[in-house]
Amino acid sequence: MEKETYIFEILKKDDFSDIVAQADHIRKENVGDEVHLRGICEFSNFCRRDCFYCGLRKSNKKILRYRMSPEEILQTAVLIDKHGLKTIVLQSGEDIWFTKKVLVKLIEDIKTHTDLAVTLSIGERSFDEYKAFKDAGADRYLLRFETSNENLFKKLHPDDDYHERLKCLQWLFELGYQVGSGSMIGLPEQTIEDIADDILFIKKWNFHMVGVGPYISNNDTPLSGSKNGDFSIVQKFIALVRIFCPKVLLPATTAMDVLRFDAREIILQSGANVVMPNITPQRYKQNYRLYPDKQYTGEDPITCRYYMENRVKKIGRKIAKDHGHSLISIRRK
Ligand code: 5AD
């Protein structure tokens, strides 16, 4: 069967336990039983963009904006390093207060004072900036393509361009980053064909990491009142990504927890091998509201980490002790 038809058929299926079992087997054979923990620090919720689905969009006046200082971010990095985490993911809205100079110094400081791998997730920047961050020691970069349907991308991003996004992804590969990307599942107007295309897109780009999650409706956005993504489609998507990309790093992402209390366990048993405990200091994280009902907004960083660790151990999996770099070769062009 042609790949496209195969994916489409599976996404429509009601009984897909065979696909999940196959994906779990492929996961075990290719990346083993270890789950990698990535501590995510949401260091600023200022954003210069106005994406229709996102609570951080600049026109949303209902959230309290915050920006951690570089010193606070460094302290958070030192804290999680002491507690045995191996990666910090620095995520923010597109906040240009964090200039090239500020971020280079921060990355260098984290690299000097900790043994952490550094992942950046700060949106679209220039080639020159991406290069400076890499030279300062950044290891990985997360930048979702959000949807592979160019028209839908245009509708959801009034001030962004699909081809610009792809250009950024291309630069990140060229610069030798381990590149993570992915999409949202169940966006308004997104069809099953679009979702099947996202999987083919992921296969074609051969990302080191694939971060996908359901779209969660946010009443503080123009898409207020729309439906959330469907959990079983998300689960099938994850299983298919593992089948098509056997060695990829595949997180069970936070947004899934909004749909089911046991979502991450199910997703870890459907092909995923990464979780990202939230290590943002408590006083900030309730304001990092991409979507409502985010879990663990009340817990401190270390509690969040142990909570996640227990969930992983309960399903018989192990926590990785190493940095968990990608097993896919780093493409430098
Ligand atoms: N629902 C689900 N995911 C969202 N994101 C932003 N807003 C939402 C939402 N309402 C995702 C985007 C972005 C990532 C950081 O969070 O995919 O790239």
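Structural notes, computed from the coordinates. (Residues numbered from 1 in each chain as written. Predicted model: local features only at pLDDT ≥ 70, side-chain atom pairs only at ≥ 80, totals over all residues. Heavy atoms only, no water.)

**Here we look at the pairing of strand 3 (residues 87-92)**
Rules: Any residue under 20% of the maximum accessible area for its type is buried, any over 50% is exposed, and the rest in between are partly exposed; the area is computed with a 1.4 Å probe on protein chains only. Numbered from the N terminus, helices here are DSSP runs of H or I no shorter than four residues, and strands are runs of E no shorter than two. Pairing between strands is defined by DSSP: at least two bridges between the two strands are required. Here the term right-handed applies to a crossover when the path leading from its first strand over the helix to its second strand runs clockwise, the strands being oriented away from the viewer.
Counting buried positions along strand 3 gives six out of six residues, so the element sits mostly inside the fold. Both strand 2 (residues 39-44) and strand 3 contribute to a ladder of five bridges, which runs parallel. Paired with Ser-44 across the strands is Ser-92, a residue of strand 3. Read from strand 2 through helix 3 (residues 70-82) to strand 3, the crossover connection turns out right-handed. As paired strands, strand 3 and strand 4 (residues 117-121) are joined by five bridges and run parallel to one another. Residue pairing for strand 4: Gln-91 is matched across the bridge by Ser-121. Following the backbone out of strand 3, through helix 4 (residues 100-113) and into the adjacent parallel strand 4, one traces a crossover that is right-handed.

**Quick word on the sheet that holds strand 8 (residues 209-210)**
In sheet architecture, strand pairing relies on hydrogen bonds along the backbone and comes in two forms, parallel and antiparallel. Pairing within the open sheet is parallel, and its six strands lie in the order 2-3-4-5-6-8. Every other strand in the sheet has two partners, leaving strand 2 and strand 8 as the edge strands with one partner each.

**So, the site of the ligand**
Our working rule: If even one non-hydrogen atom of a residue comes within 4 Å of a molecule or strand, that residue is called near it. For the purposes of these results, a polar contact is taken to be a pair of N or O atoms within 3.5 Å, where, inside protein, one atom must be able to donate a hydrogen and its partner to accept one; residues adjacent in sequence count only when each atom of the pair is a side-chain atom. For every accessible area listed, the method is Shrake-Rupley and the probe measures 1.4 Å; residues are considered covered only by the protein chains on display.
Near the ligand, the surroundings consist of Tyr-53, Cys-54, Gln-91, Arg-144, Glu-146, Met-184, Pro-214, Tyr-215, Ile-216, Leu-290 and Tyr-291. Between the ligand and Ile-216 there is a distance of 2.8 Å, counted from a nitrogen atom to a backbone nitrogen or oxygen. Surface burial for the ligand is 87%, taken as the share of its 410 Å² of free accessible area covered by protein chains.

**Quick word on the packing of aromatic side chains**
As a reminder of what qualifies: Aromatic pairs are defined between Phe, Tyr and Trp rings, using the six-membered ring for Trp, whenever the two ring centres lie within 6.5 Å; interplanar angles under 30 degrees are classed as stacked, those over 60 as edge-to-face, and all others as tilted. Definition used: whenever NZ (Lys) or CZ (Arg) falls within 6 Å of the ring centre and also within 35 degrees of the ring normal, the charge is taken to sit over that ring.
Tallied over the entire structure, the rule returns 16 aromatic pairs. Their ring planes at 25° and their centres at 5.0 Å tell us that Tyr-66 and Tyr-284 sit as a pair that is stacked. On the criterion of sequence distance, the pair formed by Tyr-66 in the loop between strand 2 and helix 3 and Tyr-284 in helix 11 (residues 282-285) is long-range, its members being 218 residues apart. For Tyr-66, a relative accessible area of 6% translates into the label buried. An aromatic cluster is defined as three or more aromatic residues linked by ring pairs; in this entry it consists of Phe-127, Tyr-130, Tyr-141, Trp-171 and Tyr-177. Lying over the aromatic face of Tyr-177, Lys-134 brings its terminal NZ or CZ to 5.9 Å of the ring centre.

**Looking at the pattern of salt bridges**
For clarity, the cut-off: By definition here, a salt bridge exists when the distance from a side-chain nitrogen of Lys or Arg to a carboxyl oxygen of Asp or Glu is within 4 Å.
Tallied over the entire structure, the rule returns 29 salt bridges. A salt bridge links Lys-28 to Asp-33; its shortest N-O distance comes to 2.9 Å. Its relative accessible area of 45% is what places Lys-28 among the partly exposed residues. Two residues, Glu-94 and Arg-48, come together in a salt bridge whose shortest N-O distance is 2.7 Å. Residue Glu-94 is located in the loop between strand 3 and helix 4, and its partner Arg-48 is located in the loop between strand 2 and helix 3; the two are separated by 46 residues in the primary sequence. Its relative accessible area of 37% is what places Arg-48 among the partly exposed residues. Among the charged side chains, a network of salt bridges with common partners joins Arg-48, Arg-49, Glu-94, Glu-124, Glu-146, Asp-160 and Arg-165.

Note that every value here comes from positions in space, so none of it alone points to a role or purpose.
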